[in-house]
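Take a look at the letters that make up each chain.
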Amino acid sequence: MTPDGYAARVCEVLAQGEPAVLVGHSMGGVVVTEAALRCPEQIAALAYVAAFVPGPGQSLQALTQLPEGADDQVQANLVVDPPVAHLPAAAAPEFLFNCCAPDVGAREAAKLGPQPLAPFIAPVSGEVALDRRLYVHCTQDRAIPPALQRRMVRERGIADVVELDTDHAPMLSRTDELVAVLDRFAR
């Protein structure tokens, strides 16, 4: 499991239809970035939702080590047991679902499992040439600090930015607002 492998699978699925709008959340930002480099003709636009947006040669891990990533509570609480890492379920509600109802945060935290380390350390292979990109900046995100989100947006030249006053999981905490933003962008 690597960003390259994930991107290959995304491109395989995309090859079956019309160009699509890809939405990447969190580490999924690395995946959609790499997919856009592998099969740009199949991608109409990219939307990043509280996501990592790496540049050429950057990895997710490298982004978290930037000064703006210092408040990343996921990396601070991640338990590494090669070849995987996991966030303890007890920490997840506070760091991922801090704007969700407590029962929702607990339910979603229980679903988390180990993740392979390879996607954290593998760099992306280039710079995305696609102009049509959106970033949904989550101002109460404790997983990807808002300062790091702003830096990635600035460095990658993403002009369409929408702020949501929420946590790392806007699909749970601000569902209707996120759907409206993505619907507008897709149109």
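Residues numbered from 1 in each chain as written. Predicted model: local features only at pLDDT ≥ 70, side-chain atom pairs only at ≥ 80, totals over all residues. Heavy atoms only, no water.

Undergrad: Can you break down the packing of aromatic side chains residue by residue, with the values?
TA: The geometry of an aromatic ring pair comes down to the distance between the two centres and the angle between the two planes. Counting across every chain of the model gives 1 aromatic pair. A centroid spacing of 6.4 Å and a plane angle of 20° characterise the contact between Tyr 48 and Tyr 135, whose relative ring orientation is stacked. Note that Tyr 48 is positioned in strand β2 (residues 43–51) and Tyr 135 in strand β6 (residues 133–138), a separation of 87 residues in sequence. Each of the two residues, Tyr 48 as well as Tyr 135, counts as buried. We note Arg 132 situated over the ring of Phe 185; from NZ or CZ to the ring centre the distance is 4.7 Å. (Phe/Tyr/Trp six-rings, centres within 6.5 Å; stacked < 30°, edge-to-face > 60°. Helix = DSSP H or I, 4+ residues; strand = E, 2+ residues; numbered from the N terminus. Buried < 20%, exposed > 50% of the residue type's maximum accessible area, 1.4 Å probe, protein only. Lys NZ or Arg CZ within 6 Å of the ring centre and 35° of its normal.)

Undergrad: Now, about the pattern of salt bridges: what can you tell me, with residues and values included?
TA: Under the counting rule described, the total for this entry stands at 10 salt bridges. A salt bridge links Glu 108 to Arg 107, with the nearest nitrogen and oxygen atoms 2.9 Å apart. Here Asp 160 ties to Arg 184 by a salt bridge, and the two come within 3.3 Å at their closest N and O atoms. With Asp 160 in strand β7 (residues 160–164) and Arg 184 in helix α10 (residues 175–186), the pair connects residues that are 24 residues apart, well separated along the chain. One salt-bridge network, in which partners are shared between bridges, spans Glu 68, Arg 151 and Glu 155. (Salt bridge = Lys/Arg side-chain N within 4 Å of Asp/Glu carboxyl O.)

Undergrad: Requested: an account of the sheet that holds strand β5 (residues 115–116), with residues and values cited.
TA: In space, the 3 strands of this open sheet follow the order β3-β4-β5, with antiparallel pairing throughout. Only two strands of the sheet have a single neighbouring strand rather than two, namely β3 (79–81) and β5. In this sheet, strand β4 (residues 84–86) lies alongside β3 in antiparallel orientation, the contact comprising 3 bridges. Along β4, the bridge assignment pairs Val 79 with His 86. (Pairing = 2+ DSSP bridges.)

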